[in-house]
Amino acid sequence: MTARVLSGVVLLCAAACAAEAPRVVMETSLGVIVLEIDTVNAPVTANNFLKLVDGGHLDGASFYRTVSPANDNGTPVISVVQGGVGDAPAPLPPVAHEPTSVTGLRHVDGSVSMARTEPGTATTEFFICIGAQPALDSGGTRNPDGLGFAVFGRVVDGMDVVRAIHAAPADAPTEFEYFRGQLLEEPVLIETVRRVSP
């Protein structure tokens, strides 16, 4: 097989593999967001998210928190929107932490990642990055343990909706000082979340 033919085969395989990445359509009260879920590089986190989707556990959830340089109470400052089921009981057990140092994924614009406290505590809460957020990667300084957060996908359509959520008024009362100024006055409803391929 010539180098040119081999190169073509590799490119076709790469395109086919990329086409097979599961996609999820999230219908919100502000519009539609389409996510591509990376089951290859972050299989534990990605498959947990797909179980939440397939089980209907994210239907009726919401985006309820935005973080930006204007309201961030941590350092270094970040820009994200956070969603999930909030205080409702998690329908699935927590998953093992998949740091970006292992997956090779990064918190770039549109990355979807799991919220957590300690490593191995992620359940239903996730966030979407607005702009690159390297402080959230493994080795970044946003989390005191230095292990960062687990990226498991990316927005492939609907970043305009994500930015609209990010720009929504966020000054709902909270008992947690860390969240002050970050909770949306009117959470954005996640009406339905459906897998569309494969």
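Residues numbered from 1 in each chain as written. Predicted model: local features only at pLDDT ≥ 70, side-chain atom pairs only at ≥ 80, totals over all residues. Heavy atoms only, no water.

*Asks:* Help me understand the overall build of the chain in this model?
*Replies:* When you go through the chain residue by residue, the secondary structure sums to 4 helices and 8 strands. Counting from the amino terminus, the chain carries its helices and strands in the arrangement α-β-β-α-β-β-α-β-β-β-α-β. Relative to its length of 198 residues, the chain is compact, with a C-alpha radius of gyration of 17 Å against a globular reference of 16 Å. Taken along the three principal axes of its C-alpha coordinates, the chain extends 65 × 35 × 30 Å. Of the contacts made within the chain by residues no fewer than 6 positions apart, 69% connect residues no fewer than 24 positions apart. Put simply, the chain shows about 9,700 Å² of open surface, and 59% of that area lies on carbon and sulfur atoms. (Helix = DSSP H or I, 4+ residues; strand = E, 2+ residues; numbered from the N terminus. Rg over C-alpha atoms; globule rule 2.2 N^0.38 Å. Contact = heavy atoms within 4.5 Å. Areas by Shrake-Rupley, 256 points an atom, 1.4 Å probe, with all protein chains shown as cover.)

*Asks:* What exactly am I supposed to notice about the sheet that holds strand S2 (residues 31–37) here?
*Replies:* Strands in a sheet are paired, the pairing made by backbone hydrogen bonds, and the direction either parallel or antiparallel. Read once around its circumference, the closed barrel built from 8 strands follows the order S1-S2-S7-S5-S6-S4-S3-S8, with strand pairing classed as antiparallel. Direction aside, neighbouring strands of the sheet carry axes that sit 35° apart on average. As defined by bridge partners, strand S5 (residues 111–114) adjoins strand S7 (residues 150–157) across 4 bridges and the pair is classed as antiparallel. For Ser113, the partnering residue across the bridge sits in S7 and is Val151. On top of the sheet, helix H2 (residues 43–54) reaches strand S1 (23–28), S2, S5, strand S6 (126–129), S7 and strand S8 (183–197); it is set at about 95° to S8, its chief contact. (Pairing = 2+ DSSP bridges. Axes fitted to C-alpha atoms, helices over the stretch in contact; angles between N-to-C directions.)

*Asks:* How do you make sense of the pairing of S6 when you look at a structure like this?
*Replies:* In the case of a regular strand, side chains alternate between the two sheet surfaces. Residues Phe126 and Ile128 of S6 are buried on one face, and the alternating residues Phe127 and Cys129, pointing to the opposite face, are buried as well. As defined by bridge partners, strand S4 (residues 80–84) adjoins S6 across 4 bridges and the pair is classed as antiparallel. Counterpart to Val81 in the pairing with S6 is Ile128. (Buried < 20%, exposed > 50% of the residue type's maximum accessible area, 1.4 Å probe, protein only.)

*Asks:* Before we go on, may I ask you to explain the side chain of Ser68 in this structure?
*Replies:* Here Ser68 is to be found in the loop between strand S3 (61–67) and S4. By relative accessible area, Ser68 is classed as buried at 14%. In contact with Ser68, not counting residues within four places along its chain, are Ile78, Ser79 and His166.

*Asks:* Please clarify how the nonpolar core should be interpreted in this entry.
*Replies:* For soluble globular proteins, nonpolar side chains are generally found buried alongside one another. Grouped together as the largest cluster of nonpolar side chains are 37 residues, with contacts concentrated most on Met26, Ile33, Leu35, Phe49, Phe63, Phe126 and Phe152. The element best represented in this core is H2, accounting for 5 residues. Discounting residues that sit within four places of it in the chain, Leu35 has contacts with Pro22, Arg23, Val24, Met26, Phe49, Val112, Arg154, Val155 and Val156. Core analysis: the second largest hydrophobic core is formed by 8 residues, Val80, Ala115, Phe127 and Cys129 among them. (Core = buried A, V, L, I, M, F, W, Y, C linked by side-chain atoms within 4.5 Å.)

*Asks:* Which parts of the structure should I look at to understand the side chain of His107?
*Replies:* The topology assignment puts His107 in the loop between helix H3 (100–103) and S5. For His107, the side chain forms a polar contact with the side chain of Asp137, separated by 2.6 Å. With near-sequence residues (within four places) excluded, His107 lies in contact with Thr100, Ser113, Phe127, Cys129, Gly131, Ala132, Gln133, Pro134, Leu136, Asp137, Phe149 and Val151. (Polar contact = N/O pair within 3.5 Å; in protein donor to acceptor, adjacent residues only side chain to side chain.)

*Asks:* Explain the confidence of the model for the chain here, please?
*Replies:* Detail in the predicted coordinates should be disregarded across regions flagged by low pLDDT. Residue-level pLDDT values for the chain average 92, and 90% of them are 70 or greater. The model gives residues 5–18 a pLDDT under 50, and that stretch makes 2 contacts with residues more than four places away or in other chains. (pLDDT = per-residue confidence, 0-100.)

*Asks:* Is there a simple way to think about the pattern of salt bridges in this case?
*Replies:* Where charged atoms from two side chains of opposite charge approach closely, those side chains can pair. Considering all chains together, one arrives at 8 salt bridges under this definition. For Asp54, the salt bridge identified is with Arg195, shortest N-O distance 2.4 Å. With a gap of 141 residues between them, Asp54 in helix H2 and Arg195 in strand S8 connect regions that are remote in the sequence. For Asp54, a relative accessible area of 49% gives the class partly exposed. Classification of Arg195 by relative accessible area gives partly exposed; the value is 33%. Of the charged contacts, one joins Arg142 and Asp72 as a salt bridge, the two residues approaching to 2.8 Å between their closest N and O atoms. Remark: Asp72 occurs in the loop between S3 and S4 and Arg142 occurs in the loop between S6 and S7; sequence separation between them is 70 residues. Asp72 sits in the buried class, given a relative accessible area of 13%. Residues joined in a network through salt bridges with shared partners are Arg23, Glu36 and Arg154. (Salt bridge = Lys/Arg side-chain N within 4 Å of Asp/Glu carboxyl O.)

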